[in-house]
Amino acid sequence: MSKSQSRDKPLLQDSEYNVIKQLENEADFLYSAVEDYIRDAEKDNKPELVKLWNTIKEDEQNHLSMLRNELIKEIKQNEFR
């Protein structure tokens, strides 16, 4: 590949950007908002809501892990291109 071709190639593909963007969204929710939501539900004595928020938190942690693994896979594939 010539230097001009390598310069014209974007640093990230759209799908890679999407994974990174969603990682950011998931992490923001997990490491800021959800704990506040759980505390508020506890303060308001809403055990079912606490349970719901904890379930959502677990799901989001799984999503975060899935996205992270996909990003690692993409990075490794790009190393060989």
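Each remark here, short or long, concerns the structure printed above.
Every value quoted in this text rests on a predicted model; they were computed, and no experiment measured them.

### Let's talk about unusual backbone geometry
The phi angle of most residues is negative, glycine excepted, and most peptide bonds adopt the trans form. A positive phi angle, close to 55°, is found at Asn45, a residue other than glycine. Tracing the backbone through its elements, the reader meets Asn45 in the loop between helix 2 (14–43) and helix 3 (47–79).

### Description of the pattern of salt bridges
Per the counting criterion, the structure on display carries 4 salt bridges. Between Lys21 and Glu24 there is a salt bridge whose closest N-O contact spans 3.2 Å. On the criterion of helical spacing, the pair formed by Lys21 and Glu24 is a turn pair, its members being 3 residues apart in helix 2. Residue class for Lys21 comes out partly exposed when judged on its relative accessible area of 36%.

### Description of the packing of helix 2 against helix 3
In contact at an axis separation of 9 Å, helix 2 and helix 3 are set at 160° when each is read in the N-to-C sense. Put simply, helix 2 runs roughly antiparallel to helix 3. At the point where helix 2 passes helix 3, the crossing takes the left-handed sense. Taken together, the residues of the contact of helix 2 with helix 3 break down into 18 nonpolar, 5 polar and 9 charged.

### Describing the side chain of Glu16
Tracing the sequence through the fold places Glu16 in helix 2. Since its relative accessible area comes to 5%, Glu16 is described here as buried. With sequence-adjacent residues up to four places away left out, Glu16 is seen in contact with Leu11, Glu74 and Asn78.

### Comments concerning helix 2
If you check helix 2, its first and last C-alpha atoms are 42 Å apart, about what 30 residues at 1.5 Å a residue would give, namely 44 Å. Ala33 marks where helix 2 bends most, by close to 45°. Those residues of helix 2 lying buried are Glu16, Val19, Leu23, Glu26, Phe29, Leu30, Ala33, Val34, Ile38 and Ala41. As for helix 2, its buried residues are in contact with helix 3. Of the residues flanking the end of helix 2, it is Asn45, one or two places downstream, whose phi is positive at about 55°.

Rules used in this analysis
- Per chain, residue numbering runs from 1 following the sequence as it is written.
- Reporting in this predicted model follows two pLDDT cut-offs: at least 70 for local features of residues, and 80 or more for side-chain atom pairs to be given and counted; totals over whole chains, interfaces and linings ignore these cut-offs and use all residues.
- Processing note: side-chain calculations cover all non-hydrogen atoms of the structure and skip hydrogens and water entirely.
- Secondary structure elements are defined from DSSP: runs of H or I of at least 4 residues count as helices, runs of E of at least 2 residues count as strands, and each element is numbered from the N terminus.
- Should a side-chain nitrogen of Lys or Arg be within 4 Å of a carboxyl oxygen of Asp or Glu, the pair is scored as a salt bridge.
- Only protein chains enter the accessibility calculation, which uses a 1.4 Å probe; a residue is then buried when its area is under 20% of its type maximum, exposed when over 50%, and partly exposed in between.
- Axis geometry follows a simple rule: fit a line to the C-alpha atoms, using only the stretch in contact for helices, then measure angles between N-to-C directions, giving values from 0 to 180 degrees.
- An angle below 35 degrees is treated as roughly parallel, one above 145 as roughly antiparallel, one from 65 to 115 as roughly perpendicular, and anything else as oblique.
- In a left-handed crossing the near helix is turned counterclockwise from the far helix by less than a right angle, and in a right-handed crossing that turn is clockwise.
- Asp, Glu, Lys and Arg are counted as charged, while Ala, Val, Leu, Ile, Met, Phe, Trp, Tyr, Cys and Pro are counted as nonpolar; the rest, among them Gly, fall into the polar class.
- Contact between two residues is taken to exist if any of their heavy atoms lie within 4.5 Å; hydrogens are not considered.
- What a helix is expected to span follows from its residue count: subtract one and scale by 1.5 Å.
- Axes are fitted to the seven residues ending at a residue and to the seven starting at it; the angle between these axes is taken as the bend at that residue.

Read these as spatial facts, not as claims about activity.
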